[in-house]
Amino acid sequence: VNLSATFQNHTFANPLMNASGVHCYTTTQLDELLASSAGTLVTKSATMAYRQGNPKPRYRSLALGSINSMGLPNEGLPYYLDYVLAKQTQADVPTLFLSVAGISMQEDLDMLAQVDQSDFNGFTELNLSCPNVPGKPQVAYDFEATEKMLDSAFKLFHKPLGVKLPPYFDLAQFDIVAKILNQYPLAYINTINSVGNGLYIDVDSETVAIKPKGGFGGLGGAYVLPTALANVHAFRQRLNDSIAIIGTGGVQTGADVFAHILAGADLVQVGTQLAKDGPDVFARLTQELSDVMAQKDYHNLSDFKNNLKEL
Ligand SMILES: O=C(O)c1[nH]c(=O)[nH]c(=O)c1I
């Protein structure tokens, strides 16, 4: 069984990587991802400067997944840009992903300009879907703002660019968003981000689980797998073939990875399960994916990618 994944003319040993925001805040964590069986990595979404984020507790692992309202804590763009620039010169390091999430359109543009002027040779991910910056709506739920953002971004950014999208829940919205995205030379979309503003309640203590925003936070894990698969498949059916898809959301097993690829994903990210199990999760998931493929007599990802059958 061959797990190698091609993605916009780049090849990875396998289709798995972390989701931004999980195990990717520090160089130590990022090095642990590189040392793991993951095919590549993405850095925590960066703002221009260091950001403390929301008060703790701001992440809770739950039986069926996770809830988080981190509030965009990060070391600042220079920290992550320095990391990827240093790593990309080393042999045996795969093409890397760098995530940016300004708290304004201008900050996004300033960061993209800085990356564009650098020697970074990987993929830049513009996060349009952070649900946890108090007072800041998720850009990608505002279709006009999204169009304006992408217009401005592609005027100044000349390297491969992807966007991180929130989940959509309406077929008409898939049509509208895909129509917007198809206007741009995007390298990829990454779908989904956490399901925003869920509320976990602990009945024994009669309290919420996290401190920020009265307990409202983004959901991940098993809760969101069907939503993630729907968004991957809906966009695969609507986007130009030139736009690749990273599937994110709800991956716990190799079968879940298989499902994302069947739905049309070219790469698959792991968040909540990585938070629970640590980087060893990638050794398990690559083995399980390999086992599922072998049982079905598939030898390459292309044998079943985007091959979901209807009834
Ligand atoms: O709260 C966060 O830092 C966060 N949390 C998420 O679940 N998605 C995001 O894009 C972000 I920027």
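Report on the accompanying structure.

Cut-offs applied
- Residues numbered from 1 in each chain as written.
- Predicted model: local features only at pLDDT ≥ 70, side-chain atom pairs only at ≥ 80, totals over all residues.
- Heavy atoms only, no water.
- Helix = DSSP H or I, 4+ residues; strand = E, 2+ residues; numbered from the N terminus.
- Rg over C-alpha atoms; globule rule 2.2 N^0.38 Å.
- Buried < 20%, exposed > 50% of the residue type's maximum accessible area, 1.4 Å probe, protein only.
- Contact = heavy atoms within 4.5 Å.
- Areas by Shrake-Rupley, 256 points an atom, 1.4 Å probe, with all protein chains shown as cover.
- Lys, Arg positive; Asp, Glu negative; His and termini not counted.
- Charge placed at Lys NZ, Arg CZ, Asp CG, Glu CD.
- Core = buried A, V, L, I, M, F, W, Y, C linked by side-chain atoms within 4.5 Å.
- Near = heavy atom within 4 Å.
- Polar contact = N/O pair within 3.5 Å; in protein donor to acceptor, adjacent residues only side chain to side chain.
- Nonpolar A, V, L, I, M, F, W, Y, C, P; charged D, E, K, R; others polar.
- Pairing = 2+ DSSP bridges.
- Axes fitted to C-alpha atoms, helices over the stretch in contact; angles between N-to-C directions.
- Left-handed = near helix turned anticlockwise from the far one by under 90°.
- Salt bridge = Lys/Arg side-chain N within 4 Å of Asp/Glu carboxyl O.
- Right-handed = clockwise from strand over helix to strand, strands pointing away.
- Parallel < 35°, antiparallel > 145°, perpendicular 65-115°, else oblique.

**Structural notes on the overall build of the protein**
Okay, step 1: The number of helices and strands found in the protein is nine helices and 15 strands.
Okay, step 2: For a compact globule of 311 residues, the expected C-alpha radius of gyration is about 19 Å, and the protein comes in at 18 Å, within 12% of that figure.
Okay, step 3: Each principal axis of the C-alpha distribution contributes one length, and for the protein these read about 55 × 50 × 45 Å.
Okay, step 4: By residue count, 55% of the 311 residues in the protein fall in the buried class.
Okay, step 5: Intrachain contacts of the protein at a sequence separation of at least 6 include 73% that bridge at least 24 residues.
Okay, step 6: As presented, the protein carries roughly 13,000 Å² of accessible surface, and 51% of it is formed by carbon and sulfur atoms.
Okay, step 7: In the protein, which carries 21 positive and 30 negative side-chain charges, the distance between the mean positions of the two groups comes to 4 Å.

**Some thoughts on the nonpolar core**
Okay, step 1: Ranked by internal contacts, the top residues of the largest apolar core, which has 80 residues, are Phe7, Phe97, Val163, Leu181, Ile189, Phe235 and Leu289.
Okay, step 2: Per-element accounting of this core gives the leading share, six residues, to helix α9 (residues 281–295).
Okay, step 3: Residue contacts for leucine 289: discarding those within four places in its chain leaves Leu3, Pro15, Gly254, Val257, Phe258, Ile261, Leu301 and Phe304.
Okay, step 4: Among the nonpolar cores identified, the runner-up in size contains nine residues, and Ile67, Ala209, Leu219 and Ala228 belong to it.

**Let's talk about the site of the ligand**
Okay, step 1: Neighbouring the ligand are 13 residues, the closest being Lys44, Asn68, Asn127, Asn193 and Ser194.
Okay, step 2: Note that an oxygen atom of the ligand is positioned 2.8 Å from one of the side-chain N or O atoms of serine 194.
Okay, step 3: Protein coverage of the free-state accessible area of the ligand, which is 330 Å², stands at 92%.
Okay, step 4: When its residues are assigned to classes, the shell around the ligand shows five nonpolar, seven polar and one charged.

**Some remarks on the sheet that holds strand β14 (residues 244–248)**
Okay, step 1: Taken in spatial order, the seven strands of this open sheet run β3-β15-β14-β9-β8-β7-β6, and their pairing is parallel. The open sheet is flanked by β3 (16–18) and β6 (97–100), the only strands paired with a single partner. Going across the sheet, the axis of each strand differs from the next one's by a mean of 25 degrees, ignoring polarity.
Okay, step 2: Its contacts with the sheet place α9 against β3 and β15 (267–270), and it is angled at close to 155 degrees to β3.

**Regarding the packing of helix α1 (residues 27–35) against helix α2 (residues 77–87)**
Okay, step 1: Two numbers describe how α1 lies on α2: the axes approach to 11 Å, and their chain directions differ by 35 degrees. Crossing angle aside, the handedness with which α1 passes α2 is right-handed. Counted together, Thr27, Leu30, Asp31 and Leu34 of α1 and Tyr79, Tyr80, Tyr83 and Lys87 of α2 form the full contact between these two elements.
Okay, step 2: Taken together, the residues of the contact of α1 with α2 break down into five nonpolar, one polar and two charged.

**Remarks on the pattern of salt bridges**
Okay, step 1: Following the criterion strictly, the structure yields five salt bridges and no others.
Okay, step 2: The residue lysine 305 makes a salt bridge to aspartate 266 at a minimum N-O spacing of 2.7 Å. Note that lysine 305 is positioned in the segment after α9 and aspartate 266 in the loop between α7 (254–263) and β15, a separation of 39 residues in sequence.
Okay, step 3: Here glutamate 288 ties to arginine 284 by a salt bridge, and the two come within 3.2 Å at their closest N and O atoms. Here arginine 284 and glutamate 288 lie together in helix α9, a separation of four residues that amounts to about one turn.
Okay, step 4: What emerges from the salt-bridge pattern is a single network uniting Asp277, Arg284 and Glu288.

**Structural notes on the side chain of threonine 248**
Okay, step 1: Summarising the element assignment, threonine 248 is placed in strand β14.
Okay, step 2: By relative accessible area, threonine 248 is classed as buried at 6%.
Okay, step 3: A polar atom in the side chain of threonine 248 sits 3.2 Å from the side chain of glutamine 269.
Okay, step 4: For threonine 248, the contacting residues outside a window of four places in its chain are Ala19, Asn190, Thr191, Ile192, Ala228, His260 and Gln269.

**Some words on the environment of aspartate 119**
Okay, step 1: Along the chain, the position of aspartate 119 falls in the loop between α3 (105–116) and β7 (123–127).
Okay, step 2: Remark: the alpha-carbon pair of aspartate 119 and valine 84, spanning 35 residues in sequence, is separated by 9.8 Å.
Okay, step 3: If we ignore the near neighbours within four places in the chain, the residues touching aspartate 119 are Leu85, Gln88 and Lys159.

**Focus: the pairing of β6**
The side chains of a regular strand alternate between both faces of the sheet.
Okay, step 1: Residues of β6 alternate between two faces, with Phe97 and Ser99 on one and Leu98 and Val100 on the opposite face, all of them buried.
Okay, step 2: The parallel pair β6 and β7, bridged by α3, forms a crossover whose chirality is right-handed.

**Observations concerning the packing of helix α5 (residues 171–181) against helix α6 (residues 225–238)**
Okay, step 1: The geometry of α5 relative to α6 is characterised by a closest axis approach of 10 Å and an angle of 50 degrees between their N-to-C directions. Classified by the angle their axes make, α5 and α6 are oblique. As α5 runs across α6, the sense of the crossing is right-handed. For the pair α5 and α6, the contacting residues are Leu171, Phe174, Asp175, Val177, Ala178 and Leu181 in the first and Ala230, Asn231, Ala234, Phe235 and Arg238 in the second.
Okay, step 2: Split by residue class, the contact of α5 with α6 holds eight nonpolar, one polar and two charged.

So yeah, pure geometry; function would need other evidence.
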